[in-house]
Amino acid sequence: ITHFLEKISFGSTRQFATSEEIVEALQPYGGMYESQHFRDVAVYTVSCFKHGVSMATKVLAETLFNATISPEEVEEARGSIAYELQTFAMVADQEPIVTDTVHEAAFNNNTVGFNKICPMDNLTAITRSDLVEYYTSHYIPSRMVLVGVGVDHDDLVAAANEHFPAITGENTSDMSKALYTGGSCFRFDDSSPPVIGPQELPTLTHVSIGFPSSSHQDEDYVKYCVLNTLMGGGGSFSAGGPGKGMYTRLYLQVLNRYHWMYSALAFNHVYEDSGIFTISGSSHPSHGWDLVQVLIKQFKEMATGAIEFHELNRAKTQLKSTLLMNLEYRNIELEDVGRQVLAAGHRKSATELCSMIEAVTPMDLQRISAEMLEAEPSVGAYGNLKHIPTYEEICSAFKRDNGELHGRISQFLLRGVRGKSS
């Protein structure tokens, strides 16, 4: 449903018959708008000159409380999503789909475990009444935070009092807590990628393994952020340069060591009452077993291996640098303020966050890594899964001290060489 609402954002309202009228209303103030829907929050943004604060706030209020969600807009959104789903087959990076699968495994049939990307099977089933019901129950003042960056506070308050409705009534939306379940979600797709231009897309198997981490209000949250940065990762090709993470563990121990790994990436997905720390990777389907073995080994190494001072110091420096550089962008600062106030009622300063980052120790990272592995793993996979071990085999490997998958031995991994496997 949120996938539809993202497409319909800033459409027709009671005072603006079309999105073109919204554009015309904002044009004298140099205004533009956008919306982003995440698993846990939706962000609606209007940017304009300072003297356009009132009009920007009016547009936001109309979009958030008075959208008409016309049948024509619903069908247009349906077509846009269908096209978007088709384009996924035309790119090698399947990260959005793999993220959906590991969340579905981790939070089976609840809260953030539901798909962010509208499945093709649901595309025709979602109706206008479904969207209106969700819109009216979730888009209420008590669930919102109005944030302004680069604007006078008194002007923003005055505009809010003029255009936003008063907070009345109860919050009737679903307030369920995220329940980590663990499990697996395998989506088989052995179709060949389309040929687009002279360069063929690689045929890949995508796997993501995750364990429960912390919420963004937990005292271990910053520690997981440092661990995420220390693991790092990315694609098998990178132009390098400052901040690209070329000295992170997943580059040094995985991408630089195994030429058949197309990508390897750690990511800590954090929400209000839960989180999941994942390591994802992709390779040719013939290396599916090896791919899973590499991911398991990295998790085991996190919990039992030594964390060198230089790599921890590099991770903390990189995380602080990323934090400070991101806050130079007003759109990111805007989202940061909104998320923190919505979750905690206040905002931690960059100075406070940097102090918390600096206080993280190697023992902290080993402790949270070991605690993660006490839970059942969540495994999401997409593509040709012919050579992927079963969920039961993966669970058994995590219970072994060495993290070895049984039933098959990869001669390639044992040799640890860079070259074609026999």
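For the structure itself, consult the block above.
In what follows, the accompanying structure is described. A quick note: this is a predicted structure, and the numbers were derived from the prediction, not measured. (Residues numbered from 1 in each chain as written. Predicted model: local features only at pLDDT ≥ 70, side-chain atom pairs only at ≥ 80, totals over all residues. Heavy atoms only, no water.)

On to the pattern of salt bridges. Applying the stated criterion to the full structure yields 14 salt bridges. For the salt bridge of arginine 39 with aspartate 100, the shortest nitrogen-to-oxygen distance reads 2.2 Å. Of this pair, arginine 39 sits in the loop between strand E1 (32–37) and strand E2 (42–47) while aspartate 100 sits in helix H5 (residues 95–106); the two residues are 61 residues apart in sequence, bridging distant segments of the chain. With a relative accessible area of 2%, aspartate 100 lands in the buried category. Notably, a salt bridge pairs arginine 367 with glutamate 371, separated by 3.3 Å at the nearest N-O pair. Of the two residues, arginine 367 and glutamate 371 are both situated in helix H15 (residues 362–372); the distance of four residues between them amounts to about one turn of the helix. Judged by its relative accessible area of 32%, arginine 367 is partly exposed. For glutamate 371, a relative accessible area of 36% gives the class partly exposed. Taken together, the shared-partner salt bridges connect Asp220, Lys223, Arg367 and Glu371 into one network. (Salt bridge = Lys/Arg side-chain N within 4 Å of Asp/Glu carboxyl O. Helix = DSSP H or I, 4+ residues; strand = E, 2+ residues; numbered from the N terminus. Buried < 20%, exposed > 50% of the residue type's maximum accessible area, 1.4 Å probe, protein only.)

The next subject is the packing of aromatic side chains. Applying the stated criterion to the full structure yields eleven aromatic pairs. Taken together, a centroid distance of 5.8 Å and an interplanar angle of 55 degrees make the contact between phenylalanine 10 and tyrosine 44 tilted. Separated by 34 residues along the polypeptide, phenylalanine 10 in the loop between helix H1 (2–8) and helix H2 (19–26) and tyrosine 44 in strand E2 bring together distant segments of the chain. Cluster of aromatic residues (ring-pair linked, three or more members): Phe10, Tyr33, Tyr44, Tyr135 and Tyr139. Positioned over the ring face of phenylalanine 38 is arginine 339, at 4.8 Å from the centre of the ring. (Phe/Tyr/Trp six-rings, centres within 6.5 Å; stacked < 30°, edge-to-face > 60°. Lys NZ or Arg CZ within 6 Å of the ring centre and 35° of its normal.)

The buried fraction of strand E7 (residues 275–283) is high, at eight of nine residues. Across eight bridges, the pairing between strand E4 (residues 205–212) and E7 is antiparallel. Note that in E7 the partner of proline 212 across the bridge is isoleucine 276. Of the strand pairs in this sheet, strand E6 (residues 261–270) and E7 are connected by nine bridges, and their pairing is antiparallel. Across the sheet, the residue bridging to phenylalanine 267 is threonine 278, located in E7. (Pairing = 2+ DSSP bridges.)

Read from one edge of the open sheet, six strands run E3-E8-E4-E7-E6-E5, paired in mixed fashion. With one partner strand each, in any of the chains shown, strand E3 (183–188) and strand E5 (233–235) form the two edges of the open sheet. Averaged over neighbouring strand pairs, the angle between their axes works out to 20 degrees when direction is ignored. Seen against the sheet, helix H9 (residues 221–231) touches E4, E5, E6 and E7 and runs at an angle of roughly 170 degrees to E6. (Axes fitted to C-alpha atoms, helices over the stretch in contact; angles between N-to-C directions. Contact = heavy atoms within 4.5 Å.)

The next subject is unusual backbone geometry. The phi dihedral of phenylalanine 10 is positive, around 60 degrees, even though this residue is not glycine. Taking relative accessible area as the criterion, phenylalanine 10 reaches 2% and is therefore assigned buried. The phi dihedral of asparagine 109 falls on the positive side, at around 60 degrees, and the residue is not glycine. As for its position among the elements, asparagine 109 is in the loop between H5 and helix H6 (120–123).

We now examine a negative patch on the surface. On the surface, a cluster of negative charge is made up of Glu20, Glu21, Glu24 and Glu76. Per element, the largest residue contribution to the negative patch is three residues, and it comes from H2. Positionally, glutamate 21 belongs in helix H2. (Patch = residues over 30% accessible without salt bridge, like charges linked within 9 Å, V, L, I, M, F, W, Y side chains within 5 Å. Areas by Shrake-Rupley, 256 points an atom, 1.4 Å probe, with all protein chains shown as cover. Lys, Arg positive; Asp, Glu negative; His and termini not counted. Charge placed at Lys NZ, Arg CZ, Asp CG, Glu CD.)

Attention now moves to the packing of helix H11 (residues 288–304) against helix H16 (residues 391–399). For the pair H11 and H16, the least separation of the axes is 10 Å and the interaxial angle reads 35 degrees. Relative to H16, H11 is oriented so that their crossing is right-handed. Only Glu393, Ile394, Ala397 and Phe398 of H16 make contact with H11, whose side of the interface consists of Trp289, Val292, Ile296, Phe299 and Lys300. The residue inventory of the contact of H11 with H16, partitioned by class, reads seven nonpolar, no polar and two charged. (Left-handed = near helix turned anticlockwise from the far one by under 90°. Nonpolar A, V, L, I, M, F, W, Y, C, P; charged D, E, K, R; others polar.)

With respect to the element layout, valine 226 can be found in helix H9. By relative accessible area, valine 226 is classed as buried at 0%. Taking the C-alpha atoms as reference, valine 226 lies 21 Å from glutamate 335; in sequence the two are 109 residues apart. Setting aside its immediate chain neighbours within four residues, valine 226 contacts Leu312, Ala315, Lys316, Leu319, Ile357, Val360 and Leu365.

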